[in-house]
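Listed below, chain by chain, are the residues.
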Amino acid sequence: MELKKIHPMQVLCFETKTKLSEIGEYVRVVAHKMYQAAVQNDLEITGPVYWIYEGMDGNPETVFSLTIALPITFKEKELSNSDFRLKSLRPFHCATTQHSGDWDKLGESYGTLIPQILSSGLTMSGENREIYLNMDFQNRDANTTEIQIGITEP
C-alpha cells in the first residue's frame, strides 16, 4: 500500500448512475467515443482513462455514481457535438496498489488493500478510482491498473 495525494486535473468526462451488474455496457464504448471527442475538439490528451466510483460497495445491485474521465488540457470553451463535458477533478488523497492482470480479479486487489487501510487507522472516503495504465483486450493478463481508494485527509 502506498499513500498518495493526487493533484487536481482537468478531464473530459462521462457521468452516470449505474450498478456493478450493468457496468459492462460502458467498457470499451465510452472511452472510445471520448478519445474521438477529444480529437474532434482539439483537446490535448494528457493521461490514461480513469474510472471513478462514488458510493460503490461491491454489491452488484447497489446504484452508485460512475465517472469515466480522460485527462486533458482544455481551453475555456464549449464542446461541439459531444455527449461529454469538461470538468476539473479536485485533489484526491488515496491509498493505492497496482493490479496486474485480468479485471475479473480486481476484487482480489481491493480485498488486499482495504484491510491494510483499515488496520492503518485510515478512513475511506467512499470514492475509488481505477487508472487503466495498460488495456490489453487480447491478453487480459497484460492489463495494468492502478487502484486508488480515497481516504479522508489526516
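Scroll up to find the structure this text is about.
As a starting point, this report considers the structure included with it. Bear in mind that the values here come from a model prediction, so they are computed numbers and not experimental data.

1. Focus on a nonpolar patch on the surface
Next up, step 1: On the surface, Val27, Tyr35, Val39, Ile45, Met135 and Phe137 cluster together into a nonpolar patch covering about 470 Å² of accessible area.
Next up, step 2: Inspection of the secondary structure puts Phe137 in the loop between β8 (124–134) and β9 (144–151).

2. So, the environment of Ile23
Next up, step 1: Assignment of secondary structure puts Ile23 in the loop between β2 (9–18) and α1 (30–40).
Next up, step 2: You can call Ile23 buried: its relative accessible area is 14%.
Next up, step 3: Sequence separation between Ile23 and Arg90 is 67 residues; the distance between their C-alpha atoms is 24 Å.
Next up, step 4: Those residues in contact with Ile23 that lie beyond four places of it in its chain are Thr18, Trp51, Tyr53, Phe64 and Leu66.

3. A short note on the environment of Gln148
Next up, step 1: The residue Gln148 is located in strand β9 in this model.
Next up, step 2: Placed 38 residues apart in sequence, Gln148 and Tyr110 show a C-alpha to C-alpha distance of 9.3 Å.
Next up, step 3: Only 2.9 Å separates the side chain of Gln148 from the side chain of Glu146, close enough to count as a polar contact.

4. A word on the pairing of β9
Next up, step 1: The element β9 is extensively covered by neighbouring structure, given that 8 of its 8 residues are classed as buried.
Next up, step 2: In β9, alternate side chains face the same way, and those of Thr144, Glu146, Gln148 and Gly150 on one face and Thr145, Ile147, Ile149 and Ile151 on the other are all buried.
Next up, step 3: Looking at chain direction, strand β7 (residues 92–100) and β9 are connected through 7 bridges and run antiparallel. Within β9, the position partnered with Ala95 by the bridge is Ile149.
Next up, step 4: When β8 meets β9, the two strands line up antiparallel, connected through 7 bridges. Opposite Met124, over in β9, you have Ile151 as the bridge partner.

5. Focus: the layout of surface pockets
Next up, step 1: Taken as a whole, the largest pocket holds about 640 Å³ of empty space.
Next up, step 2: What lines the largest pocket is a set of 30 residues, and nearest its centre among them are Ile23, Tyr53, Leu106, Glu130 and Tyr132.
Next up, step 3: Taken together, the elements giving at least two residues each to the lining of the largest pocket come down to α1, β4 (50–54), α2 (106–119) and β8.
Next up, step 4: In the lining of the largest pocket, the residues fall into 19 nonpolar, 5 polar and 6 charged.
Next up, step 5: In this structure, the second largest pocket spans a volume of roughly 170 Å³.
Next up, step 6: Residue lining of the second largest pocket: Val27, Asp102, Trp103, Asp104, Asp136, Phe137, Arg140 and Asn143, and that is the complete set.
Next up, step 7: Here the residues of the lining of the second largest pocket are counted per class, giving 3 nonpolar, 1 polar and 4 charged.

6. Let's talk about α1
Next up, step 1: For α1, the full list of buried residues reads Val30, Ala31, Met34, Ala37 and Ala38. When α1 is viewed along its axis, its buried side chains cluster within an angular range of 120 degrees and face the same direction. In α1, the exposed positions that point more than 90 degrees away from the buried face belong to Val39 and Gln40.
Next up, step 2: The elements touched by buried residues of α1 are β2, β3 (44–45) and β5 (64–73).
Next up, step 3: Asp42 sits one or two residues past α1 and shows a positive phi near 55 degrees.

Calculation rules
- Residues numbered from 1 in each chain as written.
- Predicted model: local features only at pLDDT ≥ 70, side-chain atom pairs only at ≥ 80, totals over all residues.
- Heavy atoms only, no water.
- Patch = residues over 30% accessible without salt bridge, like charges linked within 9 Å, V, L, I, M, F, W, Y side chains within 5 Å.
- Areas by Shrake-Rupley, 256 points an atom, 1.4 Å probe, with all protein chains shown as cover.
- Salt bridge = Lys/Arg side-chain N within 4 Å of Asp/Glu carboxyl O.
- Helix = DSSP H or I, 4+ residues; strand = E, 2+ residues; numbered from the N terminus.
- Buried < 20%, exposed > 50% of the residue type's maximum accessible area, 1.4 Å probe, protein only.
- Contact = heavy atoms within 4.5 Å.
- Polar contact = N/O pair within 3.5 Å; in protein donor to acceptor, adjacent residues only side chain to side chain.
- Pairing = 2+ DSSP bridges.
- 1 Å grid on protein atoms, 1.4 Å probe; cavity = no way out; pocket = protein on both sides within 12 Å on 5 of 7 lines; lining within 4 Å.
- Points joined across faces, edges and corners; volume = space filled by probe spheres on them.
- Nonpolar A, V, L, I, M, F, W, Y, C, P; charged D, E, K, R; others polar.
- Arc of directions from axis to C-beta.

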